[in-house]
Amino acid sequence: MHLRQVVPADLPAILEIEHAGFTAAEAGTPEAYAARIQAFPDTFLVAEERDTLLGFVCGPIVADDLVADWMYDQAPTNLPTGGHQMILTIAVAPTARGRGIGSRLLSAFAESATARHCQSIALTCLADRIPFYQKNGYQVVGVSTSQHAGETWYDLVNEL
């Protein structure tokens, strides 16, 4: 397995993985993912094995220190240096779960964010996913203000 930067041709596989891991209300649209691929391809990584996408992580580097709902709709471009790395989505194909792919994606994102002098990495997640992120160095900082999909989301941060 190797990690690489996203390319537009990855969109169908990304959407398949997205819809396998999130409810219809939670999942990003094809248009949103196409905009993310265009807006911040250098912070959109995919895990691939034998030409099959196994997972991905994406998000912009912005001045805000926590993920906000507007980021899902507007696909901001990356700051050139500094700021905070956001994770809008991380997902692994059901058939590839349990192999450490999510942790490898998070580790690669941390390396990239450190190289770009980001102060932190932030994400939101549902309560059942908190232990995975804590295992990977993230700390819960509170309940998110997100209204996405009518769920209760939690803000998590990994200080760099």
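Residues numbered from 1 in each chain as written. Predicted model: local features only at pLDDT ≥ 70, side-chain atom pairs only at ≥ 80, totals over all residues. Heavy atoms only, no water.

Taken as a whole and assessed by the stated rule, the structure comprises zero disulfides. Left unpaired, Cys58 is separated from the closest cysteine sulfur, that of Cys118, by 15 Å. (Disulfide = S-S within 2.5 Å.)

Any two side chains of opposite charge can pair, on the condition that their charged atoms come close. All told, the structure shown has five salt bridges when counted by the stated rule. The partner of Arg50 in a salt bridge is Glu49, with the nearest N and O atoms 3.9 Å apart. Overlapping salt bridges bring together Arg4, Asp10 and Glu48 as one network. (Salt bridge = Lys/Arg side-chain N within 4 Å of Asp/Glu carboxyl O.)

Counting through the fold element by element, Thr43 comes out in the loop between α2 (30-39) and β2 (44-49). With near-sequence residues (within four places) excluded, Thr43 lies in contact with Val57, Cys58, Gly59, Pro60, Ile61, Asn78, Gln85, Phe109 and Arg116. (Helix = DSSP H or I, 4+ residues; strand = E, 2+ residues; numbered from the N terminus. Contact = heavy atoms within 4.5 Å.)

Turning our attention to the environment of Phe44. Looking at the secondary structure, you find Phe44 in strand β2. Its relative accessible area of 0% is what places Phe44 among the buried residues. With 40 residues separating them in the primary sequence, Phe44 and Arg4 have C-alpha atoms 8.6 Å apart. In this view, Phe44 contacts Arg4, Gln5, Val6, Ile14, Tyr33, Arg36, Ile37, Phe56, Val57, Cys58 and Phe109; residues no more than four positions away in its chain are not counted. (Buried < 20%, exposed > 50% of the residue type's maximum accessible area, 1.4 Å probe, protein only.)

What follows is about the sheet that holds strand β9 (residues 154-159). Spatially, the five strands line up as an open sheet ordered β4-β5-β7-β9-β8, and their pairing is mixed. Bordering the open sheet on either side are β4 (61-62) and β8 (139-143), each of which pairs with just one other strand. By the bridge criterion, four bridges tie β8 to β9 in an arrangement that is antiparallel. Residue pairing across strands places Gln139 opposite Val157, the latter belonging to β9. Against the sheet, helix α4 (residues 101-115) touches β5 (84-87) and β7 (120-125), its axis set at about 155° to β5. (Pairing = 2+ DSSP bridges. Axes fitted to C-alpha atoms, helices over the stretch in contact; angles between N-to-C directions.)

Where helix α1 (residues 11-21) meets α2, the axes come as close as 10 Å, and the angle between the chain directions of the two elements is 125°. Put simply, α1 runs oblique to α2. The crossing of α1 and α2 is right-handed. Judged by residue contacts, Leu11, Ile14, Leu15 and Glu18 of α1 engage Pro30, Tyr33, Ala34 and Ile37 from α2. Of the residues contributing to the contact of α1 with α2, the split by class is seven nonpolar, no polar and one charged. (Parallel < 35°, antiparallel > 145°, perpendicular 65-115°, else oblique. Left-handed = near helix turned anticlockwise from the far one by under 90°. Nonpolar A, V, L, I, M, F, W, Y, C, P; charged D, E, K, R; others polar.)

It is worth spelling out the sheet that holds strand β1 (residues 2-5) at this point. In spatial order, the strands read β1-β2-β3-β6; together these four strands make up an open sheet with antiparallel pairing. This sheet does not close on itself; its edge strands, each paired only once, are β1 and β6 (89-92). Taking each pair of neighbouring strands and ignoring which way they run, the sheet shows an average axis angle of 25°. Inspection of the sheet shows strand β3 (residues 52-58) paired to β6 by four bridges, in the antiparallel sense. Opposite Cys58, over in β6, you have Thr89 as the bridge partner. On the sheet, α1 packs against β2, β3 and β6 and is oriented at approximately 75° with respect to β3. Contacts from α4 reach β1, β2, β3 and β6, with the element oriented near 140° to β2.

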